[in-house]
Amino acid sequence: MYSAIPRRNVLLAGCLLMAAITILLCLSFLHTSGSHGWSTSIATAAKQELEDDCEPWKTAAHLNLNITHHLSTSLRSYDPSCQASNNWVSRLKDSVTHKTPLPELMNKELLLVGDSVDRRTLSDVCVKTLGLEMIKHPMHSFAELSPDGKGGIPHTCRVEHLNLTMHNYFFYGFDEADMWKGVGPYNPPGKFTARFEMFEKAVQTLPSGGRPDLVIVNVGLWELLRHHVLYAHKTPNDPVDLFPEFQEAFLGNTVKFLKGVRRAVGQDARIRFRENHTPGTDESNIFTSPAIKEGKKRVRYTGVRIDTMNALIDRAIEIVNTPASGTGEDDEDGVGSEGDDIRLWPVGKLMRPWPWKMWVEDDCHPKPGVLAGVWGEGMLEYLARAPRVERV
């Protein structure tokens, strides 16, 4: 028979065990604190939880648009293991209001490289929703200020207590003829190559030293406008689709653009391509407009052109992600021999079922509120899931 262990000894051993566990738990939360005094173990735990291959926007999903309460818009994925949080903008707003931690977004940097949709999204989230300011910069530097700047200049939104920074950088598409000079609040250089060279310099002045955690890129609406101007007198009738030679050039330029962005931001940043949404086109196509059919009217956008452009973007991403043939040619453009891992953010497809008059402000821009509830929510979801880039 086994000898009985005194009850008081069992109780004593249990107490000692609980004390040891308590001490270990306390020590685990006393690791080196971040710049705002929060335990890095909290951020690490959140990091481990979110940093996986789950991308809710890429799953089989649908978007429930709420135009009355914009931040109640939600993305529903049919993959039960990969669900969107649907509350990042609201959580960030609460964090800004009460100065509470939000570990998943703490010490992170987002860079939007695209057009006025990005700038308006950043403004809708930062200024109109969070009550913060948009800091203006000259084209060549995020470290300098340009308080009187207008139009397509770089901007920064900074959430100080989280050390969270979000930036945008504007391009006029792939134009090399400076065709937009003098149009609106023009900010030179207008030629794509010269502007991209300036962008590369500006990236190095980011607070991260040129190593953001997430880069969301886009090109599309300005290219559709360029197509509209270039081919205005090529045919007597407005074409439904993009001209073949324009498609070929757009594909090649998009591949170069993606490789250039990768070279500029380094190998560790996560890059996602914001898919183009379909602007107001119900009456702006050859099928439903007699004026267009008869050659009396020409338009910038058609649903067919948008779909073609998005398909070309998909193909460009596939090309950039394909491993090199072993010649070593790709090593110089920033991608490397193993190919990249750029993915599409299909926000355009998910917005397409909703009548454009519900959510489009003009002929191309989503309305305020919708920008924060859809595009803002999406960019923060991607940012929360992006791995933190290690910086020196």
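Residues numbered from 1 in each chain as written. Predicted model: local features only at pLDDT ≥ 70, side-chain atom pairs only at ≥ 80, totals over all residues. Heavy atoms only, no water.

**Observations concerning helix H9 (residues 303–321)**
- Taking 1.5 Å per residue, 19 residues should reach 27 Å; H9 reaches 27 Å between its end C-alpha atoms and fits that length.
- For H9, every residue scored as buried is listed here: Arg305, Ile306, Thr308, Met309, Asn310, Leu312, Ile313, Ala316, Ile317 and Val320.
- Of the surrounding secondary structure, the elements contacted by the buried residues of H9 are helix H6 (221–230), helix H7 (244–265), strand S8 (270–274) and strand S9 (343–345). (Helix = DSSP H or I, 4+ residues; strand = E, 2+ residues; numbered from the N terminus. Expected span 1.5 Å × (residues − 1). Buried < 20%, exposed > 50% of the residue type's maximum accessible area, 1.4 Å probe, protein only. Contact = heavy atoms within 4.5 Å.)

**What about the state of the cysteines?**
- All told, the structure shown has 2 disulfides when counted by the stated rule.
- Disulfide pairing places Cys54 opposite Cys82 at an S-S distance of 2.0 Å. Measuring the twist about the S-S bond at about 95°, one finds the Cys54-Cys82 disulfide to be right-handed. With a gap of 28 residues between them, Cys54 in the loop between helix H2 (40–50) and strand S1 (61–64) and Cys82 in the loop between strand S2 (74–77) and helix H3 (88–98) connect regions that are remote in the sequence. For the pair Cys54 and Cys82, one class covers both residues: buried.
- Between Cys126 and Cys157 runs a disulfide, and the two sulfur atoms are separated by 2.2 Å. Across the disulfide from Cys126 to Cys157, rotation about the S-S bond amounts to roughly -110°, and the bridge is consequently left-handed. (Disulfide = S-S within 2.5 Å.)

**Here we look at the sheet that holds strand S6 (residues 164–170)**
- Taken together, 7 strands build an open sheet; the order of strands is S4-S5-S6-S3-S7-S8-S9 and the sheet is mixed. Of all strands in the sheet, those with a lone pairing partner are strand S4 (135–136) and S9, marking the two edges.
- Alignment of S8 against S9, held across 3 bridges, turns out to be parallel. Counterpart to Arg272 in the pairing with S9 is Arg343.
- Along the sheet, helix H5 (residues 192–203) contacts strand S3 (109–114) and S6; its crossing angle with S6, the most-contacted strand, is approximately 165°. (Pairing = 2+ DSSP bridges. Axes fitted to C-alpha atoms, helices over the stretch in contact; angles between N-to-C directions.)

**Brief notes about the packing of H6 against H9**
- Orientation of H6 relative to H9, taken along the N-to-C sense of each, is 125°, at an axis distance of 11 Å. By the criterion of interaxial angle, the relationship of H6 to H9 is oblique. H9 is crossed by H6, and the crossing has right-handed handedness. When H6 is examined against H9, the residues Leu221, Glu223, Leu224 and His227 are found in contact with a partner set consisting of Arg305, Ile306 and Met309. (Parallel < 35°, antiparallel > 145°, perpendicular 65-115°, else oblique. Left-handed = near helix turned anticlockwise from the far one by under 90°.)

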